[in-house]
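# A closer look at the structure
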Amino acid sequence: MIDREIQLKLNPQVNIARPTVARMWLVFSCAFIAVIQSAISDSGASFAVAVAALVSAVLAELLVTSTRYGLGKIKDGSAAASAMVLVLLLPNSIHPVYAALGAAFAMVVVKHSFGGLGSNWMNPALGGWLFIRFSWPLAFSGALDGSFNSATGYFPHIGSAIDQSVRTFFNKTLFSFLGAELPSGYIDLFMMQSPGIIADRAVFVLVFAVVVIAAFEISRSWLSILYLAVFGFLVRMVGDLPAGGLWWNGDVLFTFLSGGTLVTAFILIADPSSGAKSAPGSAIIVVLAAVFSMIFRIFAPALYGGFFAVALVNVLTPLLCRVERHLLYKGAGA
């Protein structure tokens, strides 16, 4: 009877190909390279934000863990990875002090108050982002000045000289054979110069980063693909309606390359520690996140609606995990 009770209380584990240390440092590396791309065009402001968040997260990790295990906790890379992911969600124009406070909150409150790595119900970086977003909302306003249309939730497609040159090349070569034409402004999305969250200013690097994340199997990539498929379908269907447009005319490409969609899909939604454990449960969570992302971004409108959507489904995850244990694992070891 005792053995049966123990089996019933065990949480099913998610199998990821890479060990935790390798996953964390790979995520850190991918995020840090994206920060560098953003920093190149903002005189190093993005780098300053990253340094502040990293130092704060590491110090907070050391303070809340014992002296005996503190160094080991730092070596596992979770504090560094969380700090860099948080930086991707922040505006490049934000004051580094806010980044430091958010990173400390992510470590102390979101991660360790629930038992440490693997026990947190929300991605620590996302928790830190919410803390900053609601504590100092004006810190985010500069990231949207002159670059965000609050009525439609879309950046204007500027179309720089580089954009025009690259677009002309592709239209005369690749797209001409497909009978299509790439509109102006989309190349600029890969190297945005205007204020915005660092993830949106580093799309060029992030595209390669998510390929690395998928190739090294450091997250459940099928969840990322499912999220993008459902989100993209919904955006295509209704994305143009708020602007008085037509059904099935939403801009899927723009939506994928802005608003932190890549970070949402390949890091936040695929985080094994804050998601459901079974494949059906994970699929439900991802579909809900995609639906809420569409609602928040298209109809709210909130450009970073995907972050709010993931936070909302994280709140529902403990309930779903309880249902999973009851339906899928009840009677284990009997």
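Conventions and cut-offs
- Residues numbered from 1 in each chain as written.
- Predicted model: local features only at pLDDT ≥ 70, side-chain atom pairs only at ≥ 80, totals over all residues.
- Heavy atoms only, no water.
- Core = buried A, V, L, I, M, F, W, Y, C linked by side-chain atoms within 4.5 Å.
- Buried < 20%, exposed > 50% of the residue type's maximum accessible area, 1.4 Å probe, protein only.
- Helix = DSSP H or I, 4+ residues; strand = E, 2+ residues; numbered from the N terminus.
- Contact = heavy atoms within 4.5 Å.
- Phe/Tyr/Trp six-rings, centres within 6.5 Å; stacked < 30°, edge-to-face > 60°.
- Lys NZ or Arg CZ within 6 Å of the ring centre and 35° of its normal.
- Expected span 1.5 Å × (residues − 1).
- Arc of directions from axis to C-beta.
- Lys, Arg positive; Asp, Glu negative; His and termini not counted.
- Salt bridge = Lys/Arg side-chain N within 4 Å of Asp/Glu carboxyl O.
- Polar contact = N/O pair within 3.5 Å; in protein donor to acceptor, adjacent residues only side chain to side chain.

Attention now moves to the nonpolar core. Within the largest apolar cluster, 82 residues are counted, with the highest numbers of intra-cluster contacts made by Leu 88, Leu 90, Trp 129 and Tyr 227. For this core, the element with the most residues is helix α5 (residues 78-89), which contributes 10 residues. When sequence neighbours within four positions are dropped, the list of residues in contact with Leu 90 reads Val 49, Ala 99, Trp 129, Ile 132, Phe 140, Gly 196, Ile 197 and Ile 198.

Counted according to the given criterion, the structure contains 16 aromatic pairs. Between Trp 129 and Phe 307 the ring centres are 5.0 Å apart and the planes differ by 80°, which places this aromatic pair in the edge-to-face class. Taken together, the residues Trp 129 in helix α7 (residues 124-135) and Phe 307 in helix α15 (residues 305-328) connect sequence positions 178 residues apart. Ring centres of Trp 129 and Phe 308 lie 5.1 Å apart, and the angle between their planes is 65°; this geometry places the pair in the edge-to-face category. Here Trp 129, found in helix α7, pairs with Phe 308, found in helix α15; they are 179 residues apart in sequence, far enough to count as distant. Ring pairs connect the aromatic residues Trp 129, Phe 134, Phe 140, Tyr 304, Phe 307 and Phe 308, which therefore count as one cluster. Its guanidinium or amino end placed over the ring of Phe 140, Arg 133 lies 5.1 Å from that ring's centre, counting from NZ or CZ.

With that out of the way, let us pick up unusual backbone geometry. At Ser 43, a residue that is not glycine, the phi angle is positive and equals roughly 60°. Mapping Ser 43 onto the fold places it in the loop between α2 (20-40) and α3 (45-64). Under the relative-accessibility criterion, Ser 43 is labelled exposed at 77%. One non-glycine residue, Trp 248, lies in positive phi territory at about 60°. Mapped onto the elements of the fold, Trp 248 is located in the loop between α11 (221-238) and α12 (252-256). The class of Trp 248 is partly exposed, set by a relative accessible area of 45%.

In this model, helix α10 (residues 203-215) (13 residues) spans 18 Å end to end at C-alpha, consistent with the 18 Å of a helix rising 1.5 Å per residue. Within α10 the residues assigned to the buried category are Val 203, Val 205, Leu 206, Ala 209, Val 210 and Ile 213. In an axial view of α10, the angular spread of the buried residues amounts to 140°, which keeps them on one side of the axis. The outward face of α10, more than 90 degrees from its buried face, is lined by the exposed residues Phe 208, Val 211 and Ala 215. The secondary structure elements touched by the buried residues of α10 are α2, α5, α11 and α13 (261-268). A positive backbone phi angle near 55° is found at Glu 217, which sits one or two residues after α10.

The next thing to look at is the side chain of Asp 76. For Asp 76, the position within the fold is in the loop between α4 (67-75) and α5. It is Lys 111 that comes nearest to the buried, bridge-free Asp 76 among opposite-charge side chains, at 5.0 Å. Among the polar contacts listed, one links the side chain of Asp 76 to the backbone nitrogen of Ser 78, at a separation of 2.8 Å.

Let us now look at the pattern of salt bridges. With the rule as written, the count across this model stands at three salt bridges. A salt bridge links Arg 201 to Asp 42; the shortest N-O distance between them is 3.9 Å. Of this pair, Arg 201 sits in the loop between α9 (174-178) and α10 while Asp 42 sits in the loop between α2 and α3, placing them 159 residues apart in sequence. With its nearest N and O atoms 2.8 Å apart, the salt bridge here joins Glu 61 to Lys 111. Placement of Glu 61 in helix α3 and of Lys 111 in helix α6 (residues 96-111) is noted, with a sequence separation of 50 residues between them. For the pair formed by Glu 61 and Lys 111, the shared burial category is buried.

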